[in-house]
Structure formats: C-alpha cells, structure tokens
Amino acid sequence: MPLVEPSLLEILACPACHAPLREDAAANELVCTSATCGLAYPVRDEIPVLLVDEARRPS
C-alpha cells in the first residue's frame, strides 16, 4: 500500500530544493530525489510532514 496517493506524490516537491519526492515505505518517509539535498520527510497517520525542521538529513 502506498504511503500517499500516487496522484498526490506527482505534485509534491521538496520544500527545501523543489525536487520531486519518492516514497521509502520501509522508513515511512518521502525522500527528496535531489543528489545534493536528499532530505527525508516523515509520513505520520498517512499525512506527509513537509517541514524542513522535521526532515531527517541523509547519513
């Protein structure tokens, strides 16, 4: 089961760099596809939390 609706994922973008996002179902996150950004935003109760302050930095 997808974390968010596929039609919603098509229009969502990283708030920091505006790159598209992809799902990481194992981590329950939406991850920025930009090689320079890569922030991971949590999905809580099927709602993406697209706040830079809540995002996890890539390791």
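Residues numbered from 1 in each chain as written. Predicted model: local features only at pLDDT ≥ 70, side-chain atom pairs only at ≥ 80, totals over all residues. Heavy atoms only, no water.

Asker: Even after reading the chapter, I still don't get unusual backbone geometry, so can you show me in this structure?
Answerer: Excluding glycine, residues mostly carry a negative phi; peptide bonds, for their part, are mostly trans. Even without a glycine there, the phi angle at Asn28 is positive, about 60°. Residue placement: Asn28 occurs in the loop between β1 (21-24) and β2 (29-32). (Helix = DSSP H or I, 4+ residues; strand = E, 2+ residues; numbered from the N terminus.)

Asker: For this particular structure, what's the right way to read the environment of Leu9?
Answerer: Within the secondary structure, Leu9 sits in helix α1 (residues 6-11). The spacing of Leu9 and Leu21 is twelve residues in sequence and 7.0 Å in space, taken between C-alpha atoms. With residues near it in sequence (within four places) discarded, Leu9 still touches Val4, Leu21, Glu23 and Leu30. (Contact = heavy atoms within 4.5 Å.)

Asker: Where do I start with the nonpolar core in this structure?
Answerer: Soluble globular proteins: nonpolar side chains tend toward being buried together. Within the largest apolar cluster, 14 residues are counted, with the highest numbers of intra-cluster contacts made by Cys14, Leu21, Leu30, Cys32 and Tyr41. Excluding residues that lie within four positions of it along the chain, Cys14 makes contacts with Ala19, Leu21, Cys32, Cys37 and Tyr41. (Core = buried A, V, L, I, M, F, W, Y, C linked by side-chain atoms within 4.5 Å. Buried < 20%, exposed > 50% of the residue type's maximum accessible area, 1.4 Å probe, protein only.)

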